[in-house]
Number of protein chains: 2
Amino acid sequence: MIDSYEIVGLIAAILTTSAFVPQVVKVWRSKSTESLSLTMYLAFFIGIVLWLVYGIHLNSLAMILSNIVTGVLALILIILKLRYK
Amino acid sequence: MIDSYEIVGLIAAILTTSAFVPQVVKVWRSKSTESLSLTMYLAFFIGIVLWLVYGIHLNSLAMILSNIVTGVLALILIILKLRYK
């Protein structure tokens with residue numbers, strides 16, 4: 001059963017995750033990752049994995065979905081960074 | 001009382017929020033906001049405000065602190081974008 005706060009969380013998830021997509025598309029198209037910091041994305045990725053663990057603990061659907069999608073996007077950027085460096 | 005999952009959440013908060021700081025510093029120093037999309041940052045900011053509402057509902061210290069800091073950083077970027085455009 002999804003309550004109204006869960007819907008707030010899901011809209012939040014869609015808005016903050018979508019903001020991340022143009023960066024992935026840009027790197028994917030340009031094959032240029034010069035301006036990306038690997039250290040920063042690795043730290044960010046570890047942070048997302050920890051948010052996922054925390055979201056599972058809180059039993060929060062919005063946090064679980066959002067962090068899986070953002071984690072995959074961050075992982076794609078890390079792989080592209082390592083591949084095109 | 002802070003349990004061990006709250007510590008996981010707080011470490012997650014530090015890692016994902018810190019990843020956002022270099023962007024703010026870069027724009028602040030360069031006074032250049034050309035590469036920033038206003039629409040994207042507005043959507044992101046609204047998303048952060050909704051995450052904050054959701055975090056307050058879940059009574060999550062990590063989410064509340066993290067989204068206040070990220071929200072302030074995003075707001076600074078939006079103000080700089082409007083000022084230097």
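It should be noted that the structure appears before, not after, this text.
Predicted model, so just to flag it, every value in this text is computed and none were measured. (Residues numbered from 1 in each chain as written. Chains lettered and ligands numbered in written order. Predicted model: local features only at pLDDT ≥ 70, side-chain atom pairs only at ≥ 80, totals over all residues. Heavy atoms only, no water.)

**Some points on the packing of aromatic side chains**
Taken as a whole, this structure holds 8 aromatic pairs over all chains when the rule is applied. Where W51(B) meets Y54(B), the ring centres are 5.8 Å apart and the plane angle is 65 degrees; that geometry is what we call edge-to-face. On the criterion of helical spacing, the pair formed by W51(B) and Y54(B) is a turn pair, its members being 3 residues apart in helix α3 (residues 38–58). Judged by relative accessible area, Y54(B) falls into the buried class, the value being 0%. Put simply, the rings of F20(A), Y41(A) and F44(A) touch in pairs and so form one group of aromatic residues. (Phe/Tyr/Trp six-rings, centres within 6.5 Å; stacked < 30°, edge-to-face > 60°. Helix = DSSP H or I, 4+ residues; strand = E, 2+ residues; numbered from the N terminus. Buried < 20%, exposed > 50% of the residue type's maximum accessible area, 1.4 Å probe, protein only.)

**Looking at the side chain of T16(B)**
By the secondary structure assignment, T16(B) is in helix α1 (residues 4–18). Once you skip the residues sitting within four places of it in the chain, T16(B) turns out to touch F44(A), G47(A), I48(A) and W51(A). (Contact = heavy atoms within 4.5 Å.)

**So, the relation of the copies chain A and chain B**
Mapping chain A onto chain B calls for a rotation angle of 180 degrees and an axial translation of 0.0 Å; the resulting RMSD is 0.0 Å. The symmetry that links the two subunits is that of a two-fold axis. For chain A, the residue whose C-alpha comes nearest the rotation axis is L58(A), separated from it by 3.9 Å. A symmetric contact is evident, with 100% of the interface residues of chain A recurring at the interface of chain B. (Least-squares fit on C-alpha atoms with pLDDT ≥ 70 in both.)

**Regarding the nonpolar core**
One finds W51(A), M63(A), F20(B), W51(B), M63(B) and L77(B) to be the most contacted residues of the largest nonpolar core, which totals 25 residues. Counting residues per element, the ones that place at least two in this core are α1 (4–18), α3 (38–57) and α4 (61–84) of chain A together with α1, α2 (21–30), α3 and α4 (61–84) of chain B. A per-element tally of this core places α4(B) first, with 7 residues. Counting residues in hydrophobic clusters, the runner-up holds 13 residues, among them Y41(A), I48(A), A74(A) and L77(A). (Core = buried A, V, L, I, M, F, W, Y, C linked by side-chain atoms within 4.5 Å.)

**Remarks on the packing of α3(A) against α4(A)**
Residue and element names in this part refer to chain A. The interhelical angle for the contact between α3 and α4, taken along N-to-C directions, is 160 degrees, at an axis separation of 9 Å. Viewed along their axes, α3 and α4 adopt a mutual orientation that is roughly antiparallel. In the crossing of α3 with α4, the sense of the turn from one axis to the other is left-handed. Taken together, the residues of α4 that come into contact with α3 (itself represented by L38, Y41, L42, F44, F45, I48, W51, L52, Y54, G55 and I56) are M63, I64, N67, I68, T70, G71, A74, L75, L77, I78, K81 and L82. Among the residues forming the contact of α3 with α4, the class breakdown is 18 nonpolar, 4 polar and 1 charged. (Axes fitted to C-alpha atoms, helices over the stretch in contact; angles between N-to-C directions. Parallel < 35°, antiparallel > 145°, perpendicular 65-115°, else oblique. Left-handed = near helix turned anticlockwise from the far one by under 90°. Nonpolar A, V, L, I, M, F, W, Y, C, P; charged D, E, K, R; others polar.)

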